[in-house]
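# Summary of structural features
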Amino acid sequence: MLMQLAINGLLLALLPLALVWTSSDKKKYRKLVWVTLFLTFDLIMFGAFTRLTDSGLGCPDWPGCYGQANPWQAQSHIQAAELALPSGPVTFAKAWIEMIHRYLAMAVGVLCIVLMIAGLRIWHKASSSSIRPSPSLAIAIFFCVCVQGAFGAWTVTLKLQPLIVTIHLLLGMVLLGLLAWLATRQEQQIVAVAALRIRWSAAAALILLLIQIGLGGWVSTNYATLACNDYPLCHGKLVPSMDLANGFSLWRDLGKTATGEFLPFPALTAIHWVHRSFAYLVIACIAWVACRALKIEGLYKTARALLVLIGVQFLTGVSTIFFNWPLAIAVAHNGGAALLLLVLVMLNYKANLPRQRHIIMQKSHAKIAFHSSCQSE
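I will try to describe carefully the structure that is included in this document.

For the rest of this paragraph, the subject is the state of the cysteines. Applying the stated criterion to the full structure yields 2 disulfides. With its sulfur 2.1 Å from that of its partner, cysteine 59 forms a disulfide with cysteine 65. Every disulfide takes its handedness from the sign of the S-S torsion; for cysteine 59 and cysteine 65 that torsion is -80°, giving left-handed. By relative accessible area, cysteine 59 is classed as buried at 0%. For cysteine 65, a relative accessible area of 0% puts it in the buried group. Bridging cysteine 228 to cysteine 234, the disulfide has an S-S length of 1.8 Å. Between cysteine 228 and cysteine 234, the S-S dihedral sits near -65°, and the bridge is therefore left-handed. Cysteine 234 matches cysteine 228 in its accessibility class, with the two residues each being buried. Free of any disulfide, cysteine 285 has its nearest neighbouring cysteine sulfur in cysteine 291, separated by 12 Å. On the accessibility criterion, cysteine 285 (14% relative accessible area) is buried.

Below, the structure is given as structure tokens:
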């Protein structure tokens, strides 16, 4: 079974790898990074689809499905589970959704391994050059995808424990962010020195966005999306009746309090309301950073993309309430968060680029001076 799963993941990864290595592009590592970034974004989108269709336990074991490599082989077990509990989490469709998500995750894992190996090879070959491309980020990406895989397993074995599922989501976003940083580093960038003025505010905006994504994951994993079914008020009030203590008690089973009782509705209201309220701060901060970046050479396109994404994200978030949480809009809202993170990471990289360029030039000049002194002696 494990061998079959590994072959499935490898076969899925071979297609993008073949496209990269058979392309006429001389910068194949750059292309590999962008392809891995694209597939990681797809994985996050499909992960959102898996979670929102309640397919996380479509196969209640890990890494296979009832000990098999695919749902076809586990058909008898799935049918028995459906008959025993018709409204339960196990159906043939949900099993396939869950397993496709796992296959995609394996393929991304293979691509991250290849990225690390290729990065180490480039670093080794550049040992004699004045500037060596550090492989540390590619190594960090590899370790991140390994930890992400572990939390993916715990998501299933701990029966969708909200904290584990939320961390699993956040790690996926961190992986996307690391890949976005690496991809942006492969491009030739011309950014004005004035970009250094916004680097701290851009970093603060990124931290706030990660917190908001974590809060959004907490809403989703606790099924609190429709806990407030009106907007901009919640249950007709600016500050509704809430149970913050139970809502944000982290280590507990799905739908239960820390003491094992059923989670009260005011706790779900608290989860939804905090996510909604914190969104205003995040929107204001990112919009402020983007407006400042619009005036800096080399940052205009990235800043404009951020402003557009903020608007779209706000609309999809409100639409999930007004249209009673349609699946397509809910998935789009998750994808918008991933895109916001991706673009904001790119802005952070560019905002720090003048400083990085200065450090590289200093190291290059120091190395040249060292070689000159050695030759003179």
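With that settled, the discussion passes to the nonpolar core. Membership of the largest hydrophobic core comes to 64 residues, with the highest contact counts inside it found for Met173, Leu175, Leu209, Ile286, Leu299, Leu306 and Leu344. The greatest single-element share of this core, amounting to 13 residues, is contributed by helix H11 (residues 327-376). With 10 residues, the next largest nonpolar core counts Leu5, Ala69, Met99 and Tyr103 among its residues.

Calculation notes
Residues numbered from 1 in each chain as written. Predicted model: local features only at pLDDT ≥ 70, side-chain atom pairs only at ≥ 80, totals over all residues. Heavy atoms only, no water. Disulfide = S-S within 2.5 Å. Buried < 20%, exposed > 50% of the residue type's maximum accessible area, 1.4 Å probe, protein only. Core = buried A, V, L, I, M, F, W, Y, C linked by side-chain atoms within 4.5 Å. Helix = DSSP H or I, 4+ residues; strand = E, 2+ residues; numbered from the N terminus.

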